[in-house]
Amino acid sequence: MGMPALACRVDSAVPPPGYSAFIAGENSLATAVPFSSSTTTGAAAVDSINSNSTHWSPAHSSTLYRIDSWGAPYFAVNDSGNITVRPHGSSTLSHQEIDLLKVVKKVSDPKSVGGLGLQMPLIVRFPDVLKNRLESLQSAFVSAIQTQGYESRYQGVYPVKCNQDRFVVEDIVKFGTPFRFGLEAGSKPELLLAMSCLCKGNPEALLICNGFKDAEYISLALLARKFQFNTAIVLEQEEEVKLVIDISKKLSVRPVIGLRAKLRTKHSGHFGSTSGEKGKFGLTTNHILRVVKDLLDSDMLDCLQLLHFHIGSQIPSTALLQDGVSEAAQIYSELTRLGADMKVIDIGGGLGIDYDGSKSGNSDLSVSYGLEEYASTVVNAIRVVCDRKSVKHPIICSESGRAIVSHHSVLIFEAMSTTDTAPSMNQINLPFIELSEDARSDYWNMSDAVMRHDNETCLFYADQLKQRCVEQFKEGSLGIEQLAAVDGLFDLVTKIIVGTEPVRTYLVNLSIFTSIPDFWSIDQIFPIVPIHRLDQKPEVKAILSDLTCDSDGKIDKFIGGEANLPLHKPGNGQYYLGMFLGGAYQEALGGVHNLFGSPSVVTVLQSDGPHSFAITHAMPGPSCADVLRVMQHEPKLMFENIKHRAEEFCGIDAGSCLASAVARSFHNMPYLEPGSSCSLTAMNNGGFYYCNEEDYYAGSETGANEDEHWSYCFA
């Protein structure tokens, strides 16, 4: 029964003035009551972009999501409303652009229709983008060196901690070979990785050994030197110099030694905590002088050839960069004066990227410069100091990781479901008889406010009505159906007066802790955008909730300072979102919260074929069995225990067949499978089930190794 009939049952009470207008429907109230002023954020921004037109174009979406700002020159929106990848940056021709939706379809479609049958979520790597980033960085420094008459060269290294994936590191070594690009390691496993990969690299490529070191680490680095790698051991602590001296003599290796200086210049942002005099790493001036003396006393001062420093990641401005590099160049010049055979100045990392497209120098999410300005500032700062001190220009090395790998991969995941919007008026049955006198009074006052067009008062009494009914429910005098009706009325009034849809929660097939750990841990924000339907106007303000059983498993902060993300209403098909600029650190830092493993991964190269791309490598994400092994469980033994239990309580035949479905789950990924059907089928209503064999093998192909197909029955 609707609200009018219920209202008439209240002791023959006459409905309040304006009541019929209020209950007539959503449109009548929207007309009668002027909208309250509200901040233009999230979905409201959609209207401000296209307030005078009913047509929505991909260009509007590009503006709304700032794709041209943070995405250039690698990401754009095509005429079909899909995100495209421009693998060669600004040199990409139109026929070379790669449609992300086509990649996802190829990867996720079943093998029976020509797809790869991989499950979401998905990381898509673009080695062409990686190559372009390396070439662009090299080109920026070459241009600055030539323009300023600098008399040495640039020779970068990639810090493998940013992304240790084998194919990423191997590609960087391959693409960097023409310009002596090397690797930086900060631990013993990373050093072993770097040594292996550089076997196919340029012999002059630097192998920088950073991080805290023990005797084994130093021995490995010295052996790398013995194997003719261009290895430099960077001292982080004063005590390390004695180990280097002793072990190098035992191995009969003349080492190349570097010092990490603890600069006074400090980066004030979040990523600058390792900089300044109280930073975690590096040697003070007193430490440096004592190390110089130790090397001199051991007749090894000529081995000191490199100065390293690090201002911090995401250096926001070239002004801060200029200060830090100039200070380091002074130390470099002084080491030369003291007799060291200095050859290289390693400026560390810090080359930032623009996560939100704001080009701001006052944010951890952005930087106010590009590659060219960065390189020009570094070259100029070193040249000026060295010329003033009459010191030979050193080789310039940088450890740019974030700027090299961030753009090369895209994380793609599905929005699985969403919360309901506010109900329409004919769905609300207000329990007028059950309401307390105070609650009825609130309702009359709310209705009066509607007639006066007093939005603020109307919202006040709507909220008070809701709170009184909540108290009634807690006391037991109001049923859950009645409470739901009051909740619906409150949501409807709020929606009509504010003039916008409430923020909805989209459940996404993802673990934030596994795939976007920096968002959870340090509030790092990445661009998140639908990869398709961008020719349609997004009508929903949304936050994203992941699959984990954790209140922190949600994304409610977005670029531009927004607390919600404009999204489209779910359609009949699947709705894909992409997280961009996450190629650095996220894979290395991800955990297994709730035992959700890492996503599936594919590598995509630009191709002259019909779809402009070719998938050259595909790796299914870890299965449930794989992630269980990470926590020391043995899946095969677990399965045998469960199978024994099933046979004990369901009989040998039925139990064995039911266990087949359990085995299938071991071999599948932990994430949700959209549109999947139950693999159990009833026979003759007798409680006997069998596992659909075709469904089982289709699923197990994506998650299990060939030697892990345990034996179980199919009826």
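Residues numbered from 1 in each chain as written. Predicted model: local features only at pLDDT ≥ 70, side-chain atom pairs only at ≥ 80, totals over all residues. Heavy atoms only, no water.

**Digging into the overall build of the protein chain**
Phase 1: If you tally the helices and strands in the protein chain, you get 26 helices and 23 strands.
Phase 2: Taken over 715 residues, the protein chain has a buried fraction of 53%.
Phase 3: Across the protein chain, every contact between residues at least 6 apart in sequence was considered, and the portion connecting residues at least 24 apart equals 75%.
Phase 4: For the protein chain, the accessible surface area stands at approximately 30,800 Å², while carbon and sulfur atoms represent 50% of it. (Helix = DSSP H or I, 4+ residues; strand = E, 2+ residues; numbered from the N terminus. Buried < 20%, exposed > 50% of the residue type's maximum accessible area, 1.4 Å probe, protein only. Contact = heavy atoms within 4.5 Å. Areas by Shrake-Rupley, 256 points an atom, 1.4 Å probe, with all protein chains shown as cover.)

**A few points about the sheet that holds strand β1 (residues 75-77)**
Phase 1: Strand order in the open sheet formed by three strands is β1-β2-β3, with antiparallel pairing between adjacent strands. Two strands in the sheet have a free side with no partner beyond their single neighbour: β1 and β3 (98-99). (Pairing = 2+ DSSP bridges.)

**Quick notes on the packing of aromatic side chains**
Phase 1: In the structure shown here, the tally under the stated rule is eleven aromatic pairs.
Phase 2: With a centroid separation of 6.0 Å and an interplanar angle of 25°, the aromatic rings of Y369 and Y374 are classed as stacked.
Phase 3: For Y369, a relative accessible area of 9% translates into the label buried.
Phase 4: Ring geometry for Y443 and W444: centres 5.7 Å apart, planes at 65°, overall edge-to-face.
Phase 5: Among the aromatic residues, those joined into a ring-pair cluster are F141, Y154, Y369 and Y374.
Phase 6: One residue, K213, lies across the ring of Y217, its end atom 5.7 Å from the ring centre. (Phe/Tyr/Trp six-rings, centres within 6.5 Å; stacked < 30°, edge-to-face > 60°. Lys NZ or Arg CZ within 6 Å of the ring centre and 35° of its normal.)

**Some thoughts on the pattern of salt bridges**
Side chains carrying opposite charge are able to pair once their charged atoms draw close together.
Phase 1: Applying the stated criterion across every chain, the model contains 28 salt bridges.
Phase 2: R260 is the partner of E236 in a salt bridge, and the nearest nitrogen-oxygen pair spans 3.6 Å. With E236 in the loop between β8 (230-235) and α12 (240-251) and R260 in strand β9 (residues 257-260), the pair connects residues that are 24 residues apart, well separated along the chain. We note that E236, like R260, is buried.
Phase 3: A salt bridge links D626 to R629, with the shortest nitrogen-to-oxygen separation between them at 3.2 Å. (Salt bridge = Lys/Arg side-chain N within 4 Å of Asp/Glu carboxyl O.)

**Structural notes on unusual backbone geometry**
Phase 1: The amide bond that connects A72 to the next residue, P73, takes the cis arrangement and shows omega of 0°.
Phase 2: Inspection of the secondary structure puts P73 in the loop between α6 (67-70) and β1.
Phase 3: Along the chain, M120 connects to P121 via a cis peptide bond; the corresponding omega equals 0°.
Phase 4: Structurally, P121 is set in the loop between α7 (100-108) and β4 (122-125).

**Regarding the environment of A185**
Phase 1: Within the secondary structure layout, A185 lies in strand β6 (residues 182-185).
Phase 2: What A185 contacts, discounting residues up to four positions off in sequence, is V160, E190, L191, I208, C209, N210 and Y217.

**Brief notes about the packing of helix α14 (residues 318-337) against helix α15 (residues 371-389)**
When two helices pack together, their arrangement is captured by the angle between the axes and the distance separating the axes.
Phase 1: Contact geometry for α14 and α15: axes closest at 9 Å, N-to-C directions at 35°. With respect to the hand of their crossing, α14 and α15 are arranged in right-handed fashion. Residues T318, L321, Q322, V325, S326, A329, Q330, S333 and E334 of α14 form the contact with α15, whose own contacting residues are E373, Y374, T377, V378, N380, A381, I382, V385, C386, R388 and K389. (Axes fitted to C-alpha atoms, helices over the stretch in contact; angles between N-to-C directions. Left-handed = near helix turned anticlockwise from the far one by under 90°.)

**Section: the UniProt feature "active site" (unreviewed entry) in the protein chain**
Phase 1: The UniProt entry lists C549 under the feature "active site" (unreviewed entry), expressed in the numbering used here.
Phase 2: When its relative accessible area of 70% is taken as the criterion, C549 is described as exposed. (UniProt positions renumbered as here; feature names shortened; annotations may be inferred.)

**What to know about the UniProt feature "modified residue: N6-(pyridoxal phosphate)lysine" (unreviewed entry) in the protein chain**
Phase 1: UniProt marks K161 with the feature "modified residue: N6-(pyridoxal phosphate)lysine" (unreviewed entry), using the numbering shown here.
Phase 2: On the secondary structure map, K161 appears in the loop between β5 (157-159) and α9 (166-176).
Phase 3: Residue K161 is classed as partly exposed on the basis of its relative accessible area, which comes to 43%.

**Things to note about the sheet that holds strand β10 (residues 304-308)**
Phase 1: Strand order in the open sheet formed by eight strands is β5-β6-β7-β8-β9-β10-β11-β12, with parallel pairing between adjacent strands. Looking along the sheet, the strands with just one partner apiece sit at the ends: β5 and β12 (395-397). Within the sheet, the average angular offset between the axes of one strand and its neighbour, ignoring direction, is 25°.
Phase 2: Helix α11 (residues 215-226) contacts β6, β7 (206-209) and β8 of the sheet and is inclined by roughly 150° relative to β8.

**Description of the pairing of β10**
On a regular strand, each side chain points to the face opposite its neighbour's, so the side chains alternate between the two faces of the sheet.
Phase 1: With five of five residues buried, β10 is to be regarded as a mostly interior element.
Phase 2: Alignment of β9 against β10, held across four bridges, turns out to be parallel. Bridge pairing links R260 to H308 in β10.
Phase 3: The β-α-β motif built from β10, the intervening α14 and the parallel element strand β11 (residues 344-346) has right-handed crossover chirality. (Right-handed = clockwise from strand over helix to strand, strands pointing away.)

**Thoughts on the nonpolar core**
Phase 1: Counting 150 residues, the largest nonpolar core has Y158, L304, L335, L544 and F580 as its most contacted members.
Phase 2: Counting only domains with at least three residues in this core, you end up with domain 1 (56-124 + 506-540 + 564-621) and domain 2 (127-407).
Phase 3: Filtering out sequence-adjacent residues up to four positions away, Y158 remains in contact with N163, V168, V169, I172, F181, G182, L183, E184, S400, G401 and V405.
Phase 4: Counting residues in hydrophobic clusters, the runner-up holds 17 residues, among them L435, A439, V450 and L483. (Core = buried A, V, L, I, M, F, W, Y, C linked by side-chain atoms within 4.5 Å. Domains from an automatic or database assignment.)

**Brief notes about the environment of Q305**
Phase 1: Along the polypeptide, Q305 turns up in strand β10.
Phase 2: Spatially, the C-alpha atom of Q305 lies 5.2 Å from that of K343, the residues being 38 residues apart in sequence.
Phase 3: Beyond its immediate stretch of four places on either side in the chain, Q305 contacts V256, I257, D341, M342, K343 and V344.

**Observations regarding helix α19 (residues 480-498)**
Residues lying three or four places apart along an α-helix face the same way, a consequence of the helix completing one turn every 3.6 residues.
Phase 1: When the terminal C-alpha atoms of α19 are compared, their 27 Å separation across 19 residues agrees well with the 27 Å that a helix rising 1.5 Å per residue should span.
Phase 2: Within the span of α19, buried status applies to L483, A485, V486, G488, L489, F490, L492, V493, K495, I496 and I497. (Expected span 1.5 Å × (residues − 1).)

**A look at the side chain of T265**
Phase 1: As for its position among the elements, T265 is in the loop between β9 and α13 (285-297).
Phase 2: Its relative accessible area of 12% is what places T265 among the buried residues.
Phase 3: Only 2.7 Å separates the side chain of T265 from the side chain of E327, close enough to count as a polar contact. (Polar contact = N/O pair within 3.5 Å; in protein donor to acceptor, adjacent residues only side chain to side chain.)

**A short note on the pairing of β7**
Phase 1: Here β7 shows a buried face lined by L206 and I208 and a second buried face lined by L207 and C209.
Phase 2: Across three bridges, β6 lies against β7 in parallel orientation. For L183, the partnering residue across the bridge sits in β7 and is L207.
Phase 3: The handedness of the β6 to β7 crossover, carried by helix α10 (residues 188-198), is right-handed.
Phase 4: As paired elements, β7 and β8 share four bridges and run parallel to each other.

**A closer look at the packing of α9 against α10**
Phase 1: Between α9 and α10, whose axes approach to 10 Å, the crossing angle comes to 45°. Put simply, α9 runs oblique to α10. For the pair α9 and α10, the sense of crossing is right-handed. In this structure, α9 contributes V169, E170 and V173 to the contact, and α10 contributes L193, C197 and L198.
Phase 2: Counted by class, the contact of α9 with α10 contains five nonpolar, no polar and one charged residues. (Parallel < 35°, antiparallel > 145°, perpendicular 65-115°, else oblique. Nonpolar A, V, L, I, M, F, W, Y, C, P; charged D, E, K, R; others polar.)

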